[in-house]
Amino acid sequence: MRIVTSIATMQQLAKKWQRTGKRTGFVPTMGYLHAGHMSLVKRARQAAGKSGVVVVSIYVNPTQFGPQEDFSKYPRDLRRDFKLCREAGVDVVFTPADKEMYPGETRSRRCESADEPRFDKRGYSTYVVEEKLSQSMEGASRPTHFRGVTTVVAKLFNIVLPDVAVFGAKDWQQATIIKRMVADLNFPVKIIVAPTLRERDGLAMSSRNKYLVGDLRRQALVLWRAIQTAQAAVKRLKAVPAEKLKSDLKKLIKTEPDARLDYVEFFEPDTLAPVAKVMRGTHMALAVFIGNTRLIDNAKL
Ligand code: AMP
């Protein structure tokens, strides 16, 4: 397995693969890898084929974190990540430095508002913005988040030149926005969305689960319980008013002492359009603070 940190080297490799007709499967991540990430790697391997190559990027992207969020303390363990990738048969791990991805970043500056530029004038100033699907849910709670995501994914696509890229259904809105970006901007990349991997008790795997110490780990199960409650209601009643179900789930979340609901939404899976009546096939997503840790989950009902 090769570890590449330079953008130029990664691009040269990618161009060589293109010239020689090797299919490239790509899995972008922020590292601190778990079984959920590795299931995407497996899917990428399938899609690239035996003679193809699999690239995993590990990059904690500063532009997708708000000023008050956990960028600096986001969990990192590159040695362990490399080991997991090596064992999974990954060909290249691409792990670029901030100063190459975003030249001119002035991270020492304290940002008071989300809009304050973090880059000096000679540095970075181009962004990719999806304007519709990114307004609700994660976009409403984290105003500059998706701008950071679409920008870094576009950059990574231009660096890795993948034929196929695999994203997790765990971040449903993100995957939907990436598919839209790829269609709108004509990236020659096929997007695959792979299912959410869960712990045995139902908690969706996430790098941020590391923050859940002591009783918080137990309380975090309330997200899965909320999904199961909605699933049971839809099964029992066929069509449930979204507002009624939201208020029931709010109450459920409140039963855990350190849980605070950020949002719960019911929507059409492809367009993310909110629905008034929740039915079989409606998609549900929620974000809940468990102590200081913000967790998200979603499911088709
Ligand atoms: P992250 O490192 O959190 O940015 O995630 C990188 C990719 O892994 C994204 O496409 C996520 O949706 C995906 N992912 C994260 N958690 C899971 C999970 N539990 N199951 C499947 N995919 C996941």
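Heads up: these notes are all about the structure in this document. (Residues numbered from 1 in each chain as written. Predicted model: local features only at pLDDT ≥ 70, side-chain atom pairs only at ≥ 80, totals over all residues. Heavy atoms only, no water.)

### What to know about the pairing of strand β10 (residues 283-290)
Consecutive side chains along a regular strand alternate between the two faces of the sheet. When you tally the buried positions in β10, you get 8 out of 8 residues, the bulk of the element. Sheet topology note: the strand β8 (residues 259-267)/β10 ladder contains 8 bridges and is antiparallel. Across the sheet, residue Val264 finds its bridge partner in β10, namely Leu286. In this structure, β10 lies alongside strand β11 (residues 293-300), joined through 8 bridges in antiparallel fashion. Of the residues in β11, the one forming a bridge with His283 is Lys300. In this structure, the hairpin formed by β10 and β11 is closed by a connection of 2 residues, where Gly291 is found at a positive phi of approximately 65°. (Buried < 20%, exposed > 50% of the residue type's maximum accessible area, 1.4 Å probe, protein only. Helix = DSSP H or I, 4+ residues; strand = E, 2+ residues; numbered from the N terminus. Pairing = 2+ DSSP bridges.)

### Focus on unusual backbone geometry
Glycine aside, residues mostly have negative phi, and peptide bonds are mostly found in the trans state. The phi torsion at Tyr32 lies on the positive side, around 50°, for a residue other than glycine. With respect to the secondary-structure elements, Tyr32 resides in the loop between β2 (24-29) and α2 (35-48). One non-glycine residue, Leu161, adopts positive backbone phi at about 50°. Along the chain, Leu161 falls in the loop between α6 (145-160) and β5 (164-168).

### Observations regarding the site of the ligand
What surrounds the ligand is a group of 17 residues, the closest being His37, Gly168, Asp171, Leu197 and Met205. In the environment of the ligand, an oxygen atom lies 2.9 Å from a nitrogen or oxygen atom belonging to the side chain of His37. Protein burial of the ligand: of its 490 Å² of free accessible surface, 92% is covered by the chains. Mapped onto the shell around the ligand, the elements with two or more residues apiece are β2, α2 and β5. Considered class by class, the residues forming the shell around the ligand number 8 nonpolar, 7 polar and 2 charged. (Near = heavy atom within 4 Å. Polar contact = N/O pair within 3.5 Å; in protein donor to acceptor, adjacent residues only side chain to side chain. Areas by Shrake-Rupley, 256 points an atom, 1.4 Å probe, with all protein chains shown as cover. Nonpolar A, V, L, I, M, F, W, Y, C, P; charged D, E, K, R; others polar.)

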